[in-house]
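# Tertiary structure, described
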Amino acid sequence: MSRLIARLLGRRFDGDKSVDAAVKVDGTYYTAGKMQVAELRKRYYSAPYIITTSWAYKYGAQAASPMLLRRLEVLNPTAGALTFQLALMTATTGTPTTSKAFLAWDTSVGAADLWSWEGEIPLIGRWIHAKASGSGLVLLVVAEEIDA
Amino acid sequence: MSDFGSFEDFIARTPKAVLPESVLLLGYYKDGTRYVPFLLDGDNRLVMQFVTPQYYARSPKVIISASAGILENAPASGTKVITNINVVNVTANPVTLKLHIAEEEATDYNVFGICGGEVAANGLFQWEGELVLGPEALWGQAGTASALYATVTVRDERDTVR
């Protein structure tokens, strides 16, 4: 848990007390003034995965603990171009077809180069599967926790 | 001394006041009318919890070519927001694409994002923003059958908290 100092606007009373009088907003009283609050930051997740020449799931989340996909990178540290495919499946098993194509399909990554994507896609009972034309590609996943 | 031991457990059973910008203001609910600060580490503190709007699970969906087809229906009531549209071309040739935001009929008068432009061979078209659904729906039409697959990110409005 991280913490920050915040100022909430309200009616001050009783001298230097750190907590001030409640202020009514939309029918509810809120205690306001300068006070210390705790900020619950969402949990972030990032990890690299090796992409092989066979379909395999790399990352995903159950419906009960969803994640928000923020960034993907496919990195090619080898000396030759390679292609890769990504699929979004509702299970960790199975062989994806084009109907599950997700962000990239037979996409080429040059030698010592990378492919990247940024955005937001919820993973709610969804799993990313990946496959490459040869060995050597690495998939970096960055995701953020969202409320279930 | 604190009012609670485990902060996370306490949040789960604490009344929450919903504020704008998706912030929950947490406090000790007193007399059924007001929130007062927690006693935490010997100090009086309120707690803010930043929450995310609800997102909805979606899978890739083919964009049909014979005519424009609905990619994301309008919500039954109220509105939802599309924040990302990712369209991948699974073929080795460029494919044209039109996207529409329309209530009843997709026409050239309600295109957005890309209006007949090409998605590169084995390439990706991405639209980012905040597109309001309801009563309008999201439509798409591809220039080639079974070539383009869209993954749409849909969430509730920002001030919706669950």
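Provided above is the structure to which this section pertains.
What you see is a predicted model; the values in this text were computed from it and never measured. (Residues numbered from 1 in each chain as written. Chains lettered and ligands numbered in written order. Predicted model: local features only at pLDDT ≥ 70, side-chain atom pairs only at ≥ 80, totals over all residues. Heavy atoms only, no water.)

Looking only at helices and strands, one finds 1 helix and 16 strands in chain B. Each of the 162 residues in chain B was classed as buried or not, and the buried ones make up 48%. Across chain B, every contact between residues at least 6 apart in sequence was considered, and the portion connecting residues at least 24 apart equals 72%. Here chain B has roughly 7,600 Å² of accessible surface; of this, 48% comes from carbon and sulfur atoms. (Helix = DSSP H or I, 4+ residues; strand = E, 2+ residues; numbered from the N terminus. Buried < 20%, exposed > 50% of the residue type's maximum accessible area, 1.4 Å probe, protein only. Contact = heavy atoms within 4.5 Å. Areas by Shrake-Rupley, 256 points an atom, 1.4 Å probe, with all protein chains shown as cover.)

Glancing now at the overall build of chain A. A tally of helices and strands in chain A yields 0 helices and 12 strands. What you see in chain A, going N to C, is helices and strands ordered as β-β-β-β-β-β-β-β-β-β-β-β. By residue count, 47% of the 148 residues in chain A fall in the buried class. Pairs at least 24 residues apart make up 76% of the contacts formed inside chain A by residues separated by at least 6 positions. If you sum the accessible surface of chain A, you get close to 7,100 Å²; carbon and sulfur atoms cover 51% of it.

Residue and element names in this part refer to chain A. Evaluated as defined, the whole model comprises 7 salt bridges over all chains. Of the charged contacts in the structure, one is a salt bridge between R70 and E144, with a shortest N-O distance of 2.9 Å. Highlighted residues: R70 in strand β7 (residues 67-76) and E144 in strand β12 (residues 138-145), separated in sequence by 74 residues. Exposure remark for R70: the relative accessible area of 29% places this residue in the partly exposed category. Among the salt bridges present, the one from E118 reaches R71, with a minimum N-O distance of 3.0 Å. Of this pair, E118 sits in strand β10 (residues 113-123) while R71 sits in strand β7, and the two are 47 residues apart along the sequence. One salt-bridge network, in which partners are shared between bridges, spans R70, E120 and E144. (Salt bridge = Lys/Arg side-chain N within 4 Å of Asp/Glu carboxyl O.)

Residues and elements named next belong to chain A. Structurally, Q85 is set in strand β8 (residues 82-89). Judged by relative accessible area, Q85 falls into the buried class, the value being 12%. A polar contact of 2.7 Å, which involves the side chain of Q85, links it to the side chain of D106. When neighbours within four sequence positions are excluded, Q85 is seen to be in contact with W55, A104, W105, D106, H129, A130 and K131. (Polar contact = N/O pair within 3.5 Å; in protein donor to acceptor, adjacent residues only side chain to side chain.)

Another aspect to go through is the nonpolar core. Taken as a class, soluble globular proteins show a tendency for nonpolar side chains to be buried jointly. Grouped together as the largest cluster of nonpolar side chains are 28 residues, with contacts concentrated most on A:L69, A:L72, A:L86, A:F102 and A:W115. Every element with two or more residues in this core is listed here: β5 (44-50), β6 (56-61), β7, β8, β10, β11 (126-132) and β12 of chain A. Apart from residues lying up to four places away in sequence, A:L72 is in contact with A:L86, A:F102, A:L103, A:W115, A:S116, A:W117, A:I128, A:L139, A:L140 and A:V141. Formed by 23 residues, the second largest nonpolar core is a distinct cluster that contains B:I63, B:I85, B:L138 and B:A142. (Core = buried A, V, L, I, M, F, W, Y, C linked by side-chain atoms within 4.5 Å.)

Honestly, that's just the spatial picture; any functional story needs more than this.
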